[in-house]
Amino acid sequence: LDSSAKYLLIGSSILSSPQTANAVENNNETEISGITKLLTGVQYSDTRIGKGDTIQISDTIVLHLRALLRDGSVLFDTREYEDGRPMMYQVGSSENDSFLGGNGSTRSKVTQGVEDAILSRGAGKPMASGGVRKMVVPGPLAYGNAGVSRYDAFQMKLRKGVPRDEILRYEV
């Protein structure tokens, strides 16, 4: 792994059901009480505050990432691929490859909403190395109106496609 990468230690649980962390379905949005809500609608909660360097745009980080659809089914978990090794990611690259541009082999698992929560754009503090953050990402900042087709999901090593404007839950 790149020696200049910042490492994020990851926990093992995620918002696994609508009841976890007092999640409430409300007008086609998932809200969690007691967390930071960004202006973009992304919500997050730190389950462990990192003690290392603060993550900034253009940093290369190494992370585990787990995503769930609104119904609680696992979309992907980096621990299930590549012998459970974390993925390397350059912060700031999601805007170009998570939405309509690209196909399944070039679209990112790290969406703009995940980046917003990592960087805490507009409120709160950015994540620091060693931290664990749970987040709820609204559909437009996940895979948007296009969603992810089954073909693209296969290319991206996702368990299934993502419906249009699907709200996703993540743990980073």
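Student: Please give an account of the overall build of the protein that cites residues and values.
Tutor: Within the protein one finds three helices and 11 strands. For the protein, the sequential pattern of α-helices and β-strands runs β-β-β-β-β-β-β-β-β-α-α-β-α-β. In the protein, which comprises 172 residues, the proportion classed as buried is 49%. In the protein, the share of contacts with a sequence separation of at least 24, taken over all contacts with a separation of at least 6, comes to 72%. Accessible surface for the protein amounts to roughly 8,300 Å². Of this, 49% is attributable to carbon and sulfur atoms.

Student: Which residues make up unusual backbone geometry, and what are the values?
Tutor: With a phi angle near 55 degrees, Ser120 is a residue other than glycine that sits in the positive phi range. Even without glycine at this site, Asp165 takes up a positive phi of about 50 degrees. Mapped onto the elements, Asp165 comes out in the loop between helix H3 (150-155) and strand E11 (168-171). The class of Asp165 is partly exposed, set by a relative accessible area of 34%.

Student: Describe the environment of Gln112, naming the residues involved and giving the relevant values.
Tutor: Following the sequence through the fold, Gln112 ends up in helix H2 (residues 112-119). In this structure Gln112 comes out as buried when scored by relative accessible area, which is 18%. For the pair Gln112 and Leu141, spaced 29 residues apart in sequence, the C-alpha separation works out to 5.5 Å.

Student: Tell me about the environment of His64, and please be specific about residues and values.
Tutor: Secondary-structure assignment places His64 in the loop between strand E6 (60-63) and strand E7 (66-68). Considering only alpha carbons, one finds His64 and Glu171, 107 residues apart in sequence, at a separation of 8.1 Å. Within the structure, the side chain of His64 is placed 2.7 Å from the side chain of Thr78, a separation counted as a polar contact.

Student: Explain the nonpolar core residue by residue, including any values.
Tutor: Across soluble globular proteins, nonpolar side chains have a tendency to be buried as a group. Of all hydrophobic cores here, the largest spans 33 residues; its most connected members are Leu65, Val114 and Tyr170. Elements with a minimum of two residues in this core: E6, strand E8 (74-77), strand E9 (87-90), H2, strand E10 (132-137) and E11. The greatest single-element share of this core, amounting to four residues, is contributed by H2. Residues in contact with Val114, not counting those within four places in the same chain, are Leu65, Met135, Val137, Tyr170 and Val172.

Student: Give a description of the sheet that holds E7 that names residues and reports values.
Tutor: The pairing of strands in a sheet happens through backbone hydrogen bonds and is either parallel or antiparallel. With antiparallel pairing, six strands are arranged side by side in an open sheet as E4-E5-E10-E11-E7-E8. The open sheet has two free edges, formed respectively by strand E4 (36-37) and E8, since each of these has just one partner strand. As paired strands, E7 and E11 are joined by three bridges and run antiparallel to one another. Residue Arg66 lies in a different strand from E11, and its bridge partner there is Glu171. In the packing of H2 onto the sheet, the strands contacted are strand E5 (43-48), E10 and E11, and the crossing angle to E10 comes to about 135 degrees.

Conventions and cut-offs
- Residues numbered from 1 in each chain as written.
- Predicted model: local features only at pLDDT ≥ 70, side-chain atom pairs only at ≥ 80, totals over all residues.
- Heavy atoms only, no water.
- Helix = DSSP H or I, 4+ residues; strand = E, 2+ residues; numbered from the N terminus.
- Buried < 20%, exposed > 50% of the residue type's maximum accessible area, 1.4 Å probe, protein only.
- Contact = heavy atoms within 4.5 Å.
- Areas by Shrake-Rupley, 256 points an atom, 1.4 Å probe, with all protein chains shown as cover.
- Polar contact = N/O pair within 3.5 Å; in protein donor to acceptor, adjacent residues only side chain to side chain.
- Core = buried A, V, L, I, M, F, W, Y, C linked by side-chain atoms within 4.5 Å.
- Pairing = 2+ DSSP bridges.
- Axes fitted to C-alpha atoms, helices over the stretch in contact; angles between N-to-C directions.

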